[in-house]
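Chain by chain, the residues run as shown.
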Amino acid sequence: DVKVTQSSRYLVKRTGEKVFLECVQDMDHENMFWYRQDPGLGLRLIYFSYDVKMKEKGDIPEGYSVSREKKERFSLILESASTNQTSMYLCASSGDSLYEQYFGPGTRLTVT
Amino acid sequence: EDKVVQSPLSLVVHEGDTVTLNCSYEVTNFRSLLWYKQEKKAPTFLFMLTSSGIEKKSGRLSSILDKKELFSILNITATQTGDSAIYLCAVGDNYGQNFVFGPGTRLSVLP
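The structure presented is a predicted model; accordingly, all values stated were derived computationally and were not measured. (Residues numbered from 1 in each chain as written. Chains lettered and ligands numbered in written order. Predicted model: local features only at pLDDT ≥ 70, side-chain atom pairs only at ≥ 80, totals over all residues. Heavy atoms only, no water.)

Peer 1: Whenever I open this one, unusual backbone geometry confuses me. Can you help?
Peer 2: Along the chain, Ser7(B) connects to Pro8(B) via a cis peptide bond; the corresponding omega equals -10°. Among the structural elements, Pro8(B) can be located in the loop between β1 (3-7) and β2 (10-14). The phi angle at Asp28(A) is positive, at roughly 60°, despite the residue not being glycine. If you trace the backbone, Asp28(A) turns up in the loop between β3 (19-25) and β4 (31-38). The exposure class assigned to Asp28(A) is exposed, which follows from its relative accessible area of 53%. (Helix = DSSP H or I, 4+ residues; strand = E, 2+ residues; numbered from the N terminus. Buried < 20%, exposed > 50% of the residue type's maximum accessible area, 1.4 Å probe, protein only.)

Written out as structure tokens, the structure reads:
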């Protein structure tokens with residue numbers, strides 16, 4: 001079974017702090033994704049990566065950056081957290097079938 | 001702007017009922033439509049549809065895509081309380097660079 005893990009289930013940070021969200025997958029998948037999920041808006045793609053050190057912007061990349069130094073790990077960085085970044089963040093990975101994504105458990109981030 | 005719309009947004013049924021969830025989309029360079037089930041945590045993959053008119057089936061769940069009318073339906077027959085979840089529809093484009101999710105349908109199945 002594919003396993004996608006995220007470093008924290010719940011996180012509370014202050015406005016202006018730098019925030020790192022880590023995602024690790026154990027299936028040697030090439031593709032990894034970061035989404036945020038907000039009520040009424042569904043899942044929105046922030047960034048994705050199709051290879052080590054490669055990244056592509058999704059629909060809402062503003063205020064975020066990513067890092068993929070190793071194939072199994074994809075990090076989402078909030079350089080200066082703001083209250084409108086309070087959300088559920090979901091990481092996903094996929095292999096040959098780009099669209100068959102497997103999701104991690106999510107990190108609920110609250111920025112105060 | 002690419003868009004995925006789901007209806008209804010919320011649905012309450014009783015065990016044994018059959019439900020139909022709808023997903024319509026407007027996406028440039030459509031490649032595939034996916035259905036996910038989300039319970040308390042992360043979405044789990046159900047189906048991927050790329051061709052019109054071909055039904056995908058898994059147990060009591062089935063789904064079909066109409067690329068001409070730009071929609072898909074997800075059917076659940078003989079619903080059980082364990083089917084209670086949010087069902088998400090997502091569409092991917094040809095270039096693999098754009099994944100758009102709908103807002104989801106919250107299904108509640110009462111005993």
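Peer 1: Mind showing me how you'd approach the environment of Gly59(B) here?
Peer 2: Following the sequence through the fold, Gly59(B) ends up in the loop between β6 (56-58) and β7 (61-66). The exposure class assigned to Gly59(B) is exposed, which follows from its relative accessible area of 64%.

Peer 1: How do you make sense of the interface of chain B and chain A when you look at a structure like this?
Peer 2: Frequently, the measure chosen for interface size is the accessible area removed from exposure when the parts meet. Taken together, the contacts link 22 residues of chain B with 20 residues of chain A. Run the count over chain B and chain A and you get zero salt bridges. At the junction of chain B with chain A, the criterion picks out one residue pair in polar contact (both at pLDDT 80 or more). The element contributing the most residues to the side of chain B that touches chain A is strand β4 (residues 30-38) of chain B, with five residues. Its residues assigned to classes, the side of chain B that touches chain A comprises 11 nonpolar, eight polar and three charged. (Contact = heavy atoms within 4.5 Å. Salt bridge = Lys/Arg side-chain N within 4 Å of Asp/Glu carboxyl O. Polar contact = N/O pair within 3.5 Å; in protein donor to acceptor, adjacent residues only side chain to side chain. Nonpolar A, V, L, I, M, F, W, Y, C, P; charged D, E, K, R; others polar.)

Peer 1: Would you mind showing me how to read the pattern of salt bridges here?
Peer 2: Working definition: two side chains of opposite charge can pair if their charged atoms are close together. Residue and element names in this part refer to chain A. Counting across every chain of the model gives nine salt bridges over all chains. A salt bridge links aspartate 38 to arginine 44, with the shortest nitrogen-to-oxygen separation between them at 2.8 Å. On the basis of relative accessibility, which here comes to 11%, the residue aspartate 38 falls in the buried class. Beyond isolated ion pairs, a larger network of salt bridges with shared partners links Asp28, Glu30 and Lys71.

Peer 1: It is not clear to me how the pairing of strand β11 (residues 105-110) of chain B should be interpreted in this structure. Could you clarify?
Peer 2: Regular strands have side chains that alternate between both faces of the sheet. Residue and element names in this part refer to chain B. Residues Thr105, Leu107 and Val109 line the buried face of β11, whereas the alternating positions Arg106, Ser108 and Leu110 sit on a face that is not buried. Of the pairings in the sheet, the one linking β2 to β11 comprises five bridges and is parallel in character. Bridge pairing in β11 links valine 12 to serine 108. Pairing analysis gives three bridges linking strand β9 (residues 85-93) to β11, with the strands arranged antiparallel. If you follow isoleucine 86 over to β11, its bridge partner there is arginine 106. (Pairing = 2+ DSSP bridges.)

Peer 1: Where do I start with the nonpolar core in this structure?
Peer 2: Soluble globular proteins tend to pack their nonpolar side chains together in the buried interior. Counting residues in hydrophobic clusters, the biggest one holds 23 residues, and the most contacted among them are Val4(B), Tyr25(B), Leu33(B), Trp35(B), Tyr87(B), Val91(B) and Leu107(B). Setting aside chain neighbours within four positions, we find Leu107(B) in contact with Leu11(B), Val13(B), Val19(B), Ile76(B), Asp83(B), Ser84(B), Ala85(B) and Tyr87(B). (Core = buried A, V, L, I, M, F, W, Y, C linked by side-chain atoms within 4.5 Å.)

Peer 1: What is the right way to look at the state of the cysteines in this model?
Peer 2: Two cysteines whose sulfur atoms are joined by a covalent bond form what is called a disulfide. By the definition in use, this model includes two disulfides over all chains. Across the disulfide from Cys23(A) sits Cys91(A); the S-S distance is 1.8 Å. Sign of the S-S torsion, about -75° for the bond between Cys23(A) and Cys91(A), identifies this disulfide as left-handed. Here Cys23(A), found in strand β3, pairs with Cys91(A), found in strand β9 (residues 87-94); they are 68 residues apart in sequence, far enough to count as distant. When sorted by exposure, Cys23(A) lands in the same class as Cys91(A), which is buried. Here Cys23(B) connects covalently by a disulfide to Cys89(B), the sulfurs 1.9 Å from one another. Its torsion about the S-S bond being -65°, the disulfide of Cys23(B) and Cys89(B) is classed as left-handed. Of this pair, Cys23(B) sits in strand β3 (residues 19-26) while Cys89(B) sits in strand β9, placing them 66 residues apart in sequence. For the residue pair Cys23(B) and Cys89(B), the accessibility class agrees, reading buried in each case. (Disulfide = S-S within 2.5 Å.)

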